[in-house]
Amino acid sequence: MAADERDDAAWGMSRRRFLKGVGVVGAGAAIADPTVLNAQDKPANAPAEAPAVDAAAPRRITLTVNGRNIDLTLEPRVTLLSALRDYADPPITGPKLVCGMGTCGACTVQLDGKPVYSCLCLAADVTGKGIVTAEGLGTPEKMNAVQQQFCEKDALMCGFCTPGFVTALSATVAKHPNATIDQIKQGCVGNFCRCGTYPRVFEAGVAAAKA
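Below is a short write-up of the structure.

About the criteria used
- Residues numbered from 1 in each chain as written.
- Predicted model: local features only at pLDDT ≥ 70, side-chain atom pairs only at ≥ 80, totals over all residues.
- Heavy atoms only, no water.
- Helix = DSSP H or I, 4+ residues; strand = E, 2+ residues; numbered from the N terminus.
- Contact = heavy atoms within 4.5 Å.
- Expected span 1.5 Å × (residues − 1).
- Buried < 20%, exposed > 50% of the residue type's maximum accessible area, 1.4 Å probe, protein only.
- Arc of directions from axis to C-beta.
- Polar contact = N/O pair within 3.5 Å; in protein donor to acceptor, adjacent residues only side chain to side chain.

1. Observations concerning the environment of Ser118
Here comes step 1: Relative to the helices and strands, Ser118 is located in the loop between β4 (114-117) and β5 (130-132).
Here comes step 2: In the structure, Ser118 is positioned 18 residues away from Gly100 in sequence and 9.0 Å away in space, judged by C-alpha atoms.
Here comes step 3: Excluding its chain neighbours within four sequence positions, the residues that come into contact with Ser118 are Thr79, Leu80, Leu81, Pro95, Cys107 and Val109.

What follows is the structure, given as structure tokens:
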């Protein structure tokens, strides 16, 4: 008998016997695997399996935008910005898609009175909340104080970022009547103007707060 076989014998287990045991255990595991059981092998009283749910499937939601309910069917991954611009009918285009990363403020909307980046919100997460865009702040015939002062102070150039500024500053003025220049600056700190009209934006904000 070889030395290693004698050692195995001393432990009461030969390698051949061990390998046979492993083979039996492996076969038992395969038989016990529910994936290899046929339907007739399952107990008669086993509960029925729930149908798989596709988490990415489109679903119907309702958004409250500018005082009216909008019913939309969209995937859970759709942002609030995309829901407003691409799914609403007619589209709500005040919020602009620029950076898509929450750094420029062009997509700013008010959510329950607070300015937020709509490109960073999922539409499905804001159901039941009050959403206000630049369109809901006023009309050309009846502008709110910030919109009016933006026109009077010439606080815009290309105008692409203007809805975001107006939306953010309208929330600031509502929170801080007679806001100071520092409060106005802080109110639009998350908004970026590539045309550089900041001095007139601040001037318009202060004037709107006084109004």
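2. Some remarks on helix α7 (residues 198-210)
Here comes step 1: Relative to the 18 Å expected for 13 residues at 1.5 Å per residue, α7 spans 18 Å between its end C-alpha atoms, a close match to the ideal helical length.
Here comes step 2: Buried residues of α7: Val201, Phe202, Ala204, Gly205, Val206, Ala207, Ala208 and Ala209, and no others.
Here comes step 3: Summarising the contacts, the buried residues of α7 are in contact with α4 (145-152), α5 (162-175) and α6 (181-187).

3. A few points about the side chain of Gln147
Here comes step 1: With respect to the element layout, Gln147 can be found in helix α4.
Here comes step 2: When residues no more than four places from it in sequence are discounted, the contact partners of Gln147 are Ala134, Leu137, Gly138, Thr139 and Val166.

4. Description of α4
Residues lying three or four places apart along an α-helix face the same way, a consequence of the helix completing one turn every 3.6 residues.
Here comes step 1: For α4, the complete set of buried residues consists of Val146, Gln147, Gln149 and Phe150. Considered in projection along α4, the buried side chains sweep an arc of 165 degrees and stay on one side of the axis.
Here comes step 2: Next to the buried residues of α4 lie α5 and α7.
Here comes step 3: Its side-chain oxygen placed 3.3 Å from the backbone nitrogen of Val146, Asn144 serves as the N-cap of α4.
Here comes step 4: Within two residues after α4, Asp154 carries a phi angle of roughly 55 degrees, on the positive side.

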